[in-house]
Amino acid sequence: FGQSLLHTLFPPELRFASLKLLHRVFSYFSAYCYYDITESDGVNTNELYNAVQLYLSSSASVSGSRLSLTRALNSSSITYSLSSNDRLVDSFNGATVEWEHVVTQRHSPTFSWRPLPEEKRVFTLRLRKNNKHLVLNSYLDFVMDRANDLRRSNQDRLLYTNSRGGSLDSRGHPWESVPFKHPSTFDTLAMDPLKKSEIMADLLDFANGEAFYQKTGRAWKRGYLLYGPPGTGKSSIIAAMANFLGYDIYDLELTEVNTNSELRKLLMKTSSKSIIVIEDIDCSINLTNRNNKLGGRKNAAASPPPGDDGANTITLSGLLNFTDGLWSCCGSERIFVFTTNHIGKLDPALLRSGRMDMHIHMSYCSFPALKILLKNYLDLEESDVEGEEFAAVIDEAEMTPADISEVLIKNRRDKSRAVVELMDGLKIRAEKSRLKKLGMGNVEDEEQEKRALESPQQLQQSCIGDVVDDDKMLRT
Ligand SMILES: Nc1ncnc2c1ncn2[C@@H]1O[C@H](COP(=O)(O)OP(=O)(O)OP(=O)(O)O)[C@@H](O)[C@H]1O
Ligand SMILES: [Mg+2]
């Protein structure tokens, strides 16, 4: 109607100008303003568009009558979103806003280097002009944050690795990823409950601590050093941390990194809300002193060229910059975890306070940890077993949770047998370490220790065989 009126009232040369004028007049008197968020700018996809789609999906699932359903790669749940030309009213800080999903066909095939989608999709946000300054920026930030949370809760964790060395994939990414489905959680982790809750509280404080880190001028990151003998749950606790916070894991294989700058590039390509793990740090790199040029096993033979300042090799200072220096904050909300079996081998620079915020000792199985294993593996409570007998030997036995869980898995169909076998194994191990302290018995014999778990009776025999001359041992 407007157009035909325009045609009759105005001569052709004035039509365009009068249309513009009319539009301005309407916009001036209209109480609303509109913002278009297009799906793509022709080259890149618009992150805000995806975020809005996800954000609206949380309310669309309840109210929409016709919805689009999608399921992203690696996602374990279905996302609902507004279908074409549907509207949804939302409120934020007392202001009401309206979203419309506008889908139009692309008419003329415009020239483009790459094929454009047939449809043009736009989210249009309508809000009252007097609310514009009040809500626009904070509302869009809120939408982005909420979408990120939803994405994380919908999507399974990802485990990244740099095992391809320095080479990049087709999208220029140095990391390869696979869905991370490790079932370890803090509930399944056998460790002292007090220590466990301390770690969980620390993780929560970190994850909710954006304002604190901002206020104190610290980079929003945290470092944990896990140390302890093999099989005490260092890798399991990392998986539990990732599952607890919903973070992705970047498993950094230092021996695949050749130079400090490669290390930096890897760090730049990690996302926030992630855990960056370097396992067995004492084995992956020669960390004896800061100026020591490298040494990933790969590089161990290479001698650095004269005058080299470390840029061409990986050094301890490169690693420390990675975790601590300016580069460590290109991104936020990241946790660094180093693990080692031999804390004594680490350079003091790595251990000094402030470098790794928390040193967590993963110890041999204690009685509280044993109770967790018995509950999880056999569904047994403390009252179902001879608690005091176990408590009397467990510390001295120095068995790892991995050793104990092996015994429990093997006999999980026969609970009483599992308990008897475990008790036998513990007693033998306790006796062995007692003898070790007295300077008797061949404690280096790992094989023998292993056999103890497979068949305590067998070991008892061989153990007695070793020291059969000794009257004391017969008491065993
Ligand atoms: N604290 C624990 N709680 C529950 N299970 C555990 C614990 N420690 C070890 N296990 C069991 O033993 C297996 C090996 O443990 P894990 O790989 O976490 O040990 P680790 O300390 O990382 O050993 P390594 O030093 O050899 O890497 C796990 O799959 C898990 O089932
Ligand atoms: Mg491990």
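The shown structure was predicted, so the numbers you read here are calculated from the model rather than taken from an experiment. In every chain, residue numbers begin from 1 and rise along the written sequence. Following the order in which they are written, the chains are lettered starting with A and the ligands numbered starting with 1. Totals for whole chains, interfaces and linings use all residues, but because this is a predicted model, local features are given only for residues with pLDDT of at least 70 and pairs of side-chain atoms are given and counted only at 80 or more.

**Thoughts on the sheet that holds strand β11 (residues 274-278)**
Link 1 in the chain: Pairing between strands is defined by DSSP: at least two bridges between them are needed. The helix count covers DSSP runs of H or I at least four residues long, the strand count covers runs of E at least two residues long, and both are numbered beginning at the N terminus. Here seven strands make up an open sheet; going across it, the order is β8-β7-β10-β11-β12-β9-β13 and the pairing mixed. Bordering the open sheet on either side are β8 (176-180) and β13 (358-361), each of which pairs with just one other strand. Each strand axis lies, on average, 20° off the axis of its neighbour in the sheet, ignoring direction.
Link 2 in the chain: Sitting on the sheet, helix α7 (residues 234-245) is in contact with β7 (157-161), β8, β9 (221-227), β10 (248-251), β11 and β12 (334-340), with an inclination near 165° to β11. With axes taken as lines fitted to C-alpha atoms, and helix axes fitted only over the stretch in contact, angles between N-to-C directions fall between 0 and 180 degrees. Placing a C-beta atom from the backbone of each residue, one calls two residues in contact when those atoms lie within 7 Å.

**A look at the site of ligand 1**
Link 1 in the chain: Contacts to ligand 1 come from 16 residues, most closely from P230, G233, S235, P401 and A402.
Link 2 in the chain: Elements with a contribution of two residues or more to the shell around ligand 1: α7 and α14 (401-410).
Link 3 in the chain: Note on residue classes: Ala, Val, Leu, Ile, Met, Phe, Trp, Tyr, Cys and Pro are nonpolar, Asp, Glu, Lys and Arg are charged, and everything else, Gly too, is polar. Residues that form the shell around ligand 1 fall into these classes: seven nonpolar, eight polar and one charged.
Link 4 in the chain: An automatic or database domain assignment supplies the residue ranges for each domain. For the shell around ligand 1, the two domains that each supply at least three residues are domain 3 (158-361) and domain 4 (367-474). We call a residue near a molecule or strand if the C-beta atom, set from the backbone, is within 6 Å of it.

**With respect to the packing of helix α13 (residues 387-397) against helix α15 (residues 415-437)**
Link 1 in the chain: Axis separation between α13 and α15 bottoms out at 8 Å; the angle between their running directions is 45°. Compared by their axis directions, α13 and α15 come out oblique. Regarding α13 and α15, the two cross each other, and that crossing is left-handed. Contacts between α13 and α15 involve E389, F390, V393, I394, E396 and A397 on the former and, on the latter, M423, L426, K427, R429, A430, S433 and R434. Should an angle fall under 35 degrees it is taken as roughly parallel, and over 145 as roughly antiparallel, whereas 65 to 115 is taken as roughly perpendicular and any remaining angle as oblique. Rotating anticlockwise by less than a right angle from the far helix to the near helix defines a left-handed crossing, while the corresponding clockwise rotation defines a right-handed one.

**Remarks on α15**
Link 1 in the chain: Helix span, as expected, comes to 1.5 Å for every residue beyond the first. The end-to-end C-alpha separation of α15 is 33 Å, in line with the 33 Å expected for 23 residues at 1.5 Å each.
Link 2 in the chain: For α15, the full list of buried residues reads A418, V419, E421, L422, G425, L426, I428, R429, K432 and L435.
Link 3 in the chain: Downstream of α15 by one or two residues, G439 has phi in the positive range, about 80°. The burial label depends on the number of other C-beta atoms within 10 Å of a residue's C-beta. Counts of 20 or more mean buried, 12 or fewer mean exposed, and intermediate counts mean partly exposed, with C-beta atoms placed from the backbone.

**Re the environment of T339**
Link 1 in the chain: Residue placement: T339 occurs in strand β12.
Link 2 in the chain: Classification of T339 as buried rests on a count of 21 C-beta atoms within 10 Å.
Link 3 in the chain: Through-space distance from the C-alpha of T339 to that of I238 is 9.6 Å; in sequence the pair is 101 residues apart.

**Observations regarding the nonpolar core**
One broad trend across soluble globular proteins is that nonpolar side chains are buried collectively.
Link 1 in the chain: Each nonpolar core reported here comprises buried Ala, Val, Leu, Ile, Met, Phe, Trp, Tyr and Cys residues connected via C-beta atoms within 7 Å. The biggest cluster of nonpolar side chains holds 63 residues, and the ones touching the most others in it are I238, I275, V277 and V337.
Link 2 in the chain: Domain assignment of the residues forming this core places at least three in each of domain 3 (158-361) and domain 4 (367-474).
Link 3 in the chain: Sequence-distant contacts of I275, defined by excluding residues within four places in its chain, comprise I238, M241, A242, Y247, I249, I335 and V337.
Link 4 in the chain: Listed in part, the 13 residues of the second largest apolar core include Y55, L82, L127 and V143.

**Some words on the confidence of the model for the protein**
Link 1 in the chain: What pLDDT reports is the predictor's confidence in each residue, on a scale of 0 through 100. Scored by pLDDT, the protein comes out at a mean of 78, with 76% of its residues at no less than 70.
Link 2 in the chain: Mean pLDDT across the elements of the protein ranges from a minimum in helix α17 (residues 456-466), with 42, to a maximum in helix α5 (residues 193-207), with 96.
Link 3 in the chain: Predicted confidence for residues 288-311 stays below pLDDT 50, and this span has 42 contacts to residues more than four positions away or in other chains.
Link 4 in the chain: Predicted confidence for residues 452-476 stays below pLDDT 50, and this span has 29 contacts to residues more than four positions away or in other chains.
Link 5 in the chain: Interface confidence in the predicted complex, given as ipTM, is 0.98; pTM for the same model is 0.69.

**Considerations on the environment of R413**
Link 1 in the chain: Position of R413 among the secondary structure elements: in the loop between α14 and α15.
Link 2 in the chain: On the basis of neighbour counts, which here come to 7 C-beta atoms within 10 Å, the residue R413 falls in the exposed class.
Link 3 in the chain: Along the backbone, R413 and L378 are 35 residues apart, and their C-alpha atoms lie at a distance of 8.6 Å.

**Some details on the pairing of strand β6 (residues 119-128)**
Link 1 in the chain: As paired strands, strand β1 (residues 32-38) and β6 are joined by seven bridges and run antiparallel to one another. Across the sheet, I37 pairs through a bridge with F123, a residue of β6.
Link 2 in the chain: Bridge count for strand β5 (residues 95-105) against β6 is nine bridges, and the pairing is antiparallel. Along β6, the bridge assignment pairs Q105 with E119.

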